[in-house]
Amino acid sequence: MTFSTILIANRGEIACRIIRTAHALGYRTVAVYSDADAGAPHVGLADRAVRIGPPPVRESYLNVAALIAAAKQAGADAVHPGYGFLSENDGFAQAVLDAGLTFIGPSPAAIRAMGNKAAAKRAMIAAGVPCIPGFQDSSEAGQSAGRLAAEAERIGLPLLIKAAAGGGGRGMRMVRDWDGLAAALASARSEAESAFGSGELILERAITSGRHVEIQVFGDSHGNAIHLGERDCSVQRRHQKVVEESPSPAVSPALRAEMGAAAVLAARSIDYVGAGTVEFMLDADGKFYFLEMNTRLQVEHPVTELVTGLDLVAWQLRVAAGEPLPLTQEQVELRGHAIEVRLYAEDPYAGYLPQAGEVVAWQPASGDGVRVDHGLHRQQTVSPFYDPMIAKVITYGRTRDEARRRLVSALGRSVLLGLANNKRFLADILEHPVFAAGGATTRFLDEHLPAPARPEPDARAWAIAATIWTLGHVRGDYSPWRSAGRAAFPLALRTGERERELAVDLDPSGITTVTVDGVALPVRVLGRDGVVYRVLVGDVQETVHAAVVGERLFLEARGVQAEFVEPPPKGAEAEAAVGGDGNLLAPTSGRVVAVHVQVGDRVRRGQTLVTLEAMKIENALAVAVAGVVTEVKVKPGDQVPQGRLLAVVTPDDGPEPGAASAAA
């Protein structure tokens, strides 16, 4: 099974990461790209690159024929699927083999055995791997609404509904009361069909305060199978992982051996070859239950690499070439601690709403024990067509707390300006006392950060913003010195819904005095390196990140990010606001999945009018008024930009419709 040129059937950071190891081992690489990714870093990093289609994933990264054609066109003799997209698609793996290429992953049969959650659970029960009580009947009768409802009642609450064909939290719903069961089943099925092309569902008894612990396994074609320890992935939002670490604070050496043996048993039961992950739920009593097996490399594989000192992609390539595993189980050692966070283009203070737009500044942190995996460059556009993950920030330390402190620091030193992101939110998680003590369960965010308040810039940040804005717009540069005379003037700035009238006094000495809420704050720009500024406010020096783009100032100071603009004239603002809360605007770019109302319908306050899919996540959109729908501006299938008017509800004094008339 020799090969020399590898096509990476993926994009972004994982494509870059695979290319680096492939080059280190002497392989040539081929990247693929959609029109949206023509200028992406992974394209330039590869030896060759082939266009595979327009931005929508079904026409590009999920287009099997286009990927096989690209491999042949570029002379590739092997394909690495990365993660996501077609990485767990047995049909794609078979198509690669049928084309005479090496598939760097498990066999189509192994992928098929674990690709459907219902079939996987049945197989694991037969193999003797502990499984959560549930229902996994794939037959037409088993998938009927009546049968699912009856089985749900048998299993009891709380209940977890899952898409049998999927992952990543899509097609998954938690049910805590019987009144919400029917709607949850319908919603999960709809999202599953949209994301995976299959509406098949399974039911499981929910372990609500457990740990999500997964075991990294590896098998080869010589009959060897081992595990490389565990990762704790308990901190999740919408059933998607946010923080991952190795080893788990909740796993003892004895429990690690027991869970590892169960994971290896699962892998051996399907003759697994390559990298895979067996996921378990660990309850408060130390009992663990099989959740699923991911037949691919995981997003969070870097934490395992850091604590084992191994390159898992290199192992994948060697195993695919027919080599035996480099180590035995007894030779695997875990040293130190590693933690990874997923940096997303999303707004955690607005329901984790995905964001799209231009990256104004991107400068990842570096230093001892710091690793940042990304596929991004400055002025790249984050597309609404793909997952909103921008980068993975990973740190290693001798102890868990050292790794945690390094990660907080690395987040603070990483520059990301231009669009809303979760950088500050990640730091808040890491610094929370429950997480710091190693006590986070899958309920961590619900219990401790259920609706995080948006951090607001303080007076110092307003003063810094006014200074940088003024130096750029009045002086035309950002240097600390001026040769002209003194200048004083009022300046109005706005960020979000907050607007302030500031007084700015430019002194020839280079000090800008900004009066904020009656308090005068002297500010001096001491130096600048690109978007990294060193400023003196009063007697305190600090580093801030700032970029002026046209009439917008992006600033991060003390971990708080804000976009400042000069507000429009009062008259123009009032004219733009006609319609009030009855205007339903797209909160982000995305595709209209469903329109639940039509002109003339009377709707209640908070009723869902439109469902918008953004970056694979469905968002139910509503208005905060009751009234009559007077305009519907979109139809299912429309691709809309952020801020597009979707529908208009004209408030009236009529009675609100009852709950029974609400859209699903």
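For the structure, see preceding data.
Described below are features of the structure shown in this document. (Residues numbered from 1 in each chain as written. Predicted model: local features only at pLDDT ≥ 70, side-chain atom pairs only at ≥ 80, totals over all residues. Heavy atoms only, no water.)

## Focus on the packing of aromatic side chains
Working step 1: A complete count under the given rule lists 9 aromatic pairs for this structure.
Working step 2: With a centroid separation of 5.6 Å and 85° between ring planes, the pair formed by Tyr61 and Tyr386 is classed as edge-to-face. Taken together, the residues Tyr61 in the loop between strand E3 (48–53) and helix H3 (64–74) and Tyr386 in the loop between strand E23 (381–382) and strand E24 (389–397) connect sequence positions 325 residues apart. Grouping residues by exposure puts Tyr61 and Tyr386 together as buried.
Working step 3: Ring plane angle 65° and centroid distance 5.8 Å describe the contact between Tyr352 and Phe425, whose orientation is recorded as edge-to-face. In this pair, Tyr352 is assigned in the loop between strand E18 (346–347) and strand E19 (353–354) and Phe425 in helix H13 (residues 423–431), connecting sequence segments 73 residues apart. Side by side, Tyr352 and Phe425 carry an identical accessibility label, which is buried.
Working step 4: Of the aromatic side chains, those joined through ring pairs into one cluster are Tyr61, Phe85, Phe385 and Tyr386.
Working step 5: When the ring centre of Tyr344 is taken as origin, the NZ or CZ atom of Arg237, which lies over that ring, is 4.5 Å away.
Working step 6: Taking NZ or CZ as reference, Arg400 lies 4.6 Å from the ring centre of Phe435, over its face. (Phe/Tyr/Trp six-rings, centres within 6.5 Å; stacked < 30°, edge-to-face > 60°. Helix = DSSP H or I, 4+ residues; strand = E, 2+ residues; numbered from the N terminus. Buried < 20%, exposed > 50% of the residue type's maximum accessible area, 1.4 Å probe, protein only. Lys NZ or Arg CZ within 6 Å of the ring centre and 35° of its normal.)

## Topic: the nonpolar core
Note on soluble globular proteins: their nonpolar side chains tend to be buried together.
Working step 1: Among the nonpolar cores identified, the biggest contains 36 residues, and Val235, Val243, Ile429 and Leu430 are the most heavily contacted of them.
Working step 2: Contributing elements (two or more residues each) for this core: strand E17 (337–344), strand E22 (370–374), E24, helix H12 (400–413), H13 and helix H15 (444–448).
Working step 3: In contact with Val243, not counting residues within four places along its chain, are Asp232, Cys233, Ser234, Val235, Ile339, Glu340, Val341, Ile429, Leu430 and Phe435.
Working step 4: Ile18, Ala22, Ala46 and Leu310 belong to the second largest nonpolar core, which has 31 residues in total. (Core = buried A, V, L, I, M, F, W, Y, C linked by side-chain atoms within 4.5 Å. Contact = heavy atoms within 4.5 Å.)

## A few points about unusual backbone geometry
Working step 1: Cis geometry is adopted by the peptide bond preceding Pro158, which originates at Leu157 and carries an omega value of -5°.
Working step 2: Tracing the backbone shows Pro158 in the loop between helix H7 (145–155) and strand E7 (159–163).
Working step 3: Phi at Phe85 is positive, roughly 45°, even though this residue is not glycine.
Working step 4: Inspection of the secondary structure puts Phe85 in the loop between strand E4 (78–80) and helix H4 (90–98).
Working step 5: Since its relative accessible area comes to 22%, Phe85 is described here as partly exposed.
Working step 6: You will see that Asp517, though not glycine, has its phi angle at about 50°, which is positive.
Working step 7: Mapping Asp517 onto the fold places it in the loop between strand E28 (512–516) and strand E29 (519–529).
Working step 8: A residue is classified by how much of its surface remains accessible, and Asp517, at 56% relative accessible area, is exposed.

## Thoughts on the pairing of strand E32 (residues 552–557)
Working step 1: The element E32 is extensively covered by neighbouring structure, given that 5 of its 6 residues are classed as buried.
Working step 2: Counting the residues in the hairpin turn of strand E31 (residues 540–549) and E32 gives 2 residues, including Gly550, whose phi is positive at 60°.
Working step 3: Bridging between E32 and strand E33 (residues 560–565) involves 6 bridges; their strand directions are antiparallel. Looking at E33, one finds that Ala557 is bridged to Val560. (Pairing = 2+ DSSP bridges.)

## A closer look at the environment of Arg558
Working step 1: Of note, Arg558 is situated in the loop between E32 and E33.
Working step 2: Along the backbone, Arg558 and Gly637 are 79 residues apart, and their C-alpha atoms lie at a distance of 42 Å.
Working step 3: In this structure the side chain of Arg558 is engaged in a polar contact, spanning 3.3 Å, whose partner is the side chain of Glu542. (Polar contact = N/O pair within 3.5 Å; in protein donor to acceptor, adjacent residues only side chain to side chain.)

## Re the pattern of salt bridges
Working step 1: If you walk through the whole model with that rule in mind, you get 44 salt bridges.
Working step 2: The residue Asp37 makes a salt bridge to Arg11 at a minimum N-O spacing of 2.6 Å. With a gap of 26 residues between them, Asp37 in the loop between strand E2 (28–34) and helix H2 (41–45) and Arg11 in the loop between strand E1 (5–8) and helix H1 (12–24) connect regions that are remote in the sequence. We note that Asp37, like Arg11, is buried.
Working step 3: Arg112 serves as the salt-bridge partner of Asp90, at 3.0 Å between the closest nitrogen and oxygen. Taken together, the positions of Asp90 in helix H4 and Arg112 in helix H5 (residues 108–115) put the pair 22 residues apart, joining distant regions of the chain.
Working step 4: Overall, Arg112 belongs to the partly exposed group, its relative accessible area being 47%.
Working step 5: Here the residues in one salt-bridge network are Glu214, Arg231, Lys241, Glu244, Glu279, Glu300 and Arg342, joined through shared partners. (Salt bridge = Lys/Arg side-chain N within 4 Å of Asp/Glu carboxyl O.)

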